[in-house]
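The primary structure of each chain is shown beneath.
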Amino acid sequence: MKLQHMLGGIENLGPVWLEPRPFVEQWETRIFGIHVAMMALSTHLSSALPGYDMASVPTTFKHEWTWGHLRTGAEAMNPFDYFKFRYYEKWLGGISSFFIEQGYITEAELTELTERYLKGSPPTRPQKDLPAVDAQIIKYLREGDSPARPAPQPPAFALGDRVVIKDVHPAAHTRLPGYLRGKQGVIDHVYDGSYAYFFSTGPDGIGAPMPVYVVKFTPEELWGSMSEPNNVIFADLFEAYLQPAEAAAESAARSAA
Amino acid sequence: MTGRFKYSEGREADSEAKVKALEDLLITKGVIGTTSVDQALSYFETEMGPFNGAKIVARAWVDPGFKQRLLSDTAAAIAELDFPPGMAGAEGEHLKIVENTPAVHNLIVCTLCSCYPWPTLGLPPYWYKDPTFRARAVREPRAVLAEFGVKLEESIEIRVWDSSAQIRWFVLPERPAGTEALSEVELAALVTPEAMMGVAQVSA
């Protein structure tokens with residue numbers, strides 16, 4: 001079980017950091033740009049979108065790299081480090097490790113070059129023009145990679161249905177916020193069609209296209225007497241995370257008997 | 001364990017050198033080209049940023065028909081406006097806007113990460129990515145809003161939206177009083193990313 005999956009509702013963290021800038025150090029822009037390039041060069045795009053031929057893009061990058069991959073790395077961190085390091089420090093750690101683990105670079109060469117720069121070596125940016133790679137980055141940013149799909153089956157729930165959020169087994173990655181597990185809510189909106197998630201979460205249950213809903217929760221249901229007055233919480237949830245409220249009640253009664 | 005709570009002395013210099021080395025190596029190995037990272041960054045500087053969202057909000061304030069269409073089909077309404085291609089691109093494939101009114105205030109959060117509508121708002125500010133904000137926004141939104149300087153009467157309902165699936169949410173803030181004489185361009189200049197995620201109100 002990961003603290004990163006259970007952030008919503010944690011107390012005693014002190015004031016919010018009100019920093020409005022997206023980047024607070026210039027170097028952070030570079031790791032963001034590297035991540036965008038990886039997203040744009042990810043092999044999953046060939047199957048995610050029609051008419052995409054990633055094989056013709058002149059890059060040596062031959063892996064899938066989606067939000068699911070980046071998030072899995074952040075969720076694999078020591079939870080204290082997750083709080084300790086700034087957002088892009090986590091990205092730099094995760095993305096460097098990915099390139100080392102997958103054999104694109106070695107740890108030794110990264111360390112050696114990093115140390116050279118730390119000692120004040122002048123920049124030695126290699127000159128390699130890859131206009132087709134740059135064009136693919138812009139193509140990806142302009143076109144995106146919509147996970148929307150025609151509905152494979154009608155949605156199991158309808159507007160107004162009462163649902164209980166499943167307490168699925170812990171996994172390396174999830175899109176189920178921990179504070180909603182076991183809680184009862186009401187279907188507030190049924191999105192058209194279905195939505196894939198380009199990263200299978202295994203026992204957690206998402207990946208293949210399935211309906212997605214807006215589920216509405218009262219603060220009393222989530223936080224009991226600690227809740228603030230007059231608010232309501234909505235979450236977008238994949239169908240795999242929902243069960244009918246009646247079924248949850250029956251199963252609870254069975255295990256109590 | 002104590003080392004875990006200390007930062008290295010060269011915290012920023014280390015990261016700066018490491019990311020420079022990483023980018024160099026990725027170019028050498030043919031993963032990306034010399035200008036690839038610059039290419040990605042310039043897109044957000046010039047084409048996709050909060051200036052787009054501000055234009056959408058200003059149009060909704062001056063054109064009630066557009067506002068209705070925006071609320072019922074956000075993507076289709078945005079497509080009516082004169083934006084560069086890509087408003088339904090990366091992290092904008094499925095956009096939804098929710099409206100603040102005198103009775104309702106909306107707040108967007110992503111408790112699991114930092115889902116953010118890139119084409120309309122650009123890249124997320126640090127407060128949005130802050131684990132403390134993400135932890136607290138769903139349990140004590142009123143207290144969190146007060147820290148941002150938004151003090152709401154208890155009679156105003158707060159709606160918190162946790163972006164945990166594939167939809168990227170943003171907020172249509174209320175038009176401030178006394179702005180009847182302002183042009184659409186002048187109105188857009190008042191709209192901040194904070195107002196469009198619900199942690200600020202627009203003031204004239």
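Residues numbered from 1 in each chain as written. Chains lettered and ligands numbered in written order. Predicted model: local features only at pLDDT ≥ 70, side-chain atom pairs only at ≥ 80, totals over all residues.

Asker: Where do I start with the overall build of chain A in this structure?
Answerer: Across its full length, chain A carries nine helices and seven strands. Projected onto its principal axes, the C-alpha coordinates of chain A cover approximately 70 × 45 × 35 Å. Within chain A, the proportion of its 257 residues that are buried is 39%. Long-range contacts, defined here as pairs at least 24 residues apart, represent 70% of the contacts in chain A between residues at least 6 apart. (Helix = DSSP H or I, 4+ residues; strand = E, 2+ residues; numbered from the N terminus. Buried ≥ 20, exposed ≤ 12 C-beta atoms within 10 Å, placed from the backbone. Contact = placed C-beta atoms within 7 Å.)

Asker: I keep staring at helix H2 (residues 36-46) of chain B and nothing clicks. Help me out?
Answerer: Owing to its 3.6 residues per turn, the α-helix aligns residues three or four sequence positions apart on the same side. If you check which residues of H2 of chain B are buried, you get Ser36, Val37, Gln39, Ala40 and Tyr43 of chain B. Summarising the contacts, the buried residues of H2 of chain B are in contact with helix H1 (26-41) and helix H7 (131-143) of chain A together with helix H1 (11-28) of chain B.

Asker: Can you help me understand the nonpolar core in this one?
Answerer: What tends to happen in soluble globular proteins is that the nonpolar side chains get buried as a cluster. Judged by nonpolar contacts, the single largest core of 116 residues is most densely connected at Ala37 and Leu237 of chain A together with Val57 and Val160 of chain B. With 10 residues, H1 of chain A is the largest single contributor of residues to this core. Every residue in contact with Val57 of chain B, bar those within four places of it in the chain, is listed here: Leu172, Pro173, Val191 and Met196 of chain B. (Core = buried A, V, L, I, M, F, W, Y, C linked by C-beta atoms within 7 Å.)

Asker: Just to check I follow, could you spell out the interface of chain B and chain A for this structure?
Answerer: Put simply, an interface is often sized by how much accessible area is lost when its parts join up. Tallying the contact residues gives 76 residues for chain B and 81 residues for chain A. For the side of chain B that touches chain A, the secondary-structure elements that each account for two or more residues are H1, H2, helix H7 (126-129), helix H8 (131-137), helix H9 (141-147) and strand E3 (157-162) of chain B. When residues of the side of chain B that touches chain A are assigned to their parent elements, the largest contribution, 16 residues, is made by H1 of chain B. Where strand E6 (residues 231-238) of chain A meets E3 of chain B, five bridges bridge the pair, whose relative direction is parallel. Considered in E3 of chain B, the bridge of Val232 of chain A is made with Arg159 of chain B. (Pairing = 2+ DSSP bridges.)

Asker: Can you walk me through helix H5 (residues 87-101) of chain A in this structure?
Answerer: Compared with an ideal rise of 1.5 Å per residue, which puts 15 residues at 21 Å, H5 of chain A spans 21 Å between its outermost C-alpha atoms and is within 8% of the ideal. Among the structural elements, H1, helix H3 (67-75) and helix H6 (107-118) of chain A together with H1 and H7 of chain B are those in contact with the buried residues of H5 of chain A. One or two positions beyond H5 of chain A, positive phi appears at Gly103 of chain A, with a value near 85 degrees. (Expected span 1.5 Å × (residues − 1).)

Asker: Would you explain the environment of Thr106 of chain A in this entry?
Answerer: Residues and elements named next belong to chain A. Tracing the sequence through the fold places Thr106 in the loop between H5 and H6. C-beta crowding within 10 Å serves as the criterion here: with 12 such atoms nearby, Thr106 is assigned to the exposed category. Sequence-wise, Thr106 and Ser96 are 10 residues apart; in three dimensions their C-alpha atoms are separated by 9.7 Å.

Asker: Looking at this structure, I do not really get the domain arrangement of chain A. What am I missing?
Answerer: Residue and element names in this part refer to chain A. The assigned domain composition of chain A is domain 1 (3-145) and domain 2 (149-256). Its C-alpha centre places domain 1 at a distance of 30 Å from the equivalent point of domain 2. Tallying the contact residues gives 13 residues for domain 1 and 10 residues for domain 2. Of the residues forming the side of domain 1 that touches domain 2, the biggest block, five residues, is contributed by H3. Residues belonging to the side of domain 1 that touches domain 2 are distributed by class as follows: three nonpolar, eight polar and two charged. (Domains from an automatic or database assignment. Nonpolar A, V, L, I, M, F, W, Y, C, P; charged D, E, K, R; others polar.)

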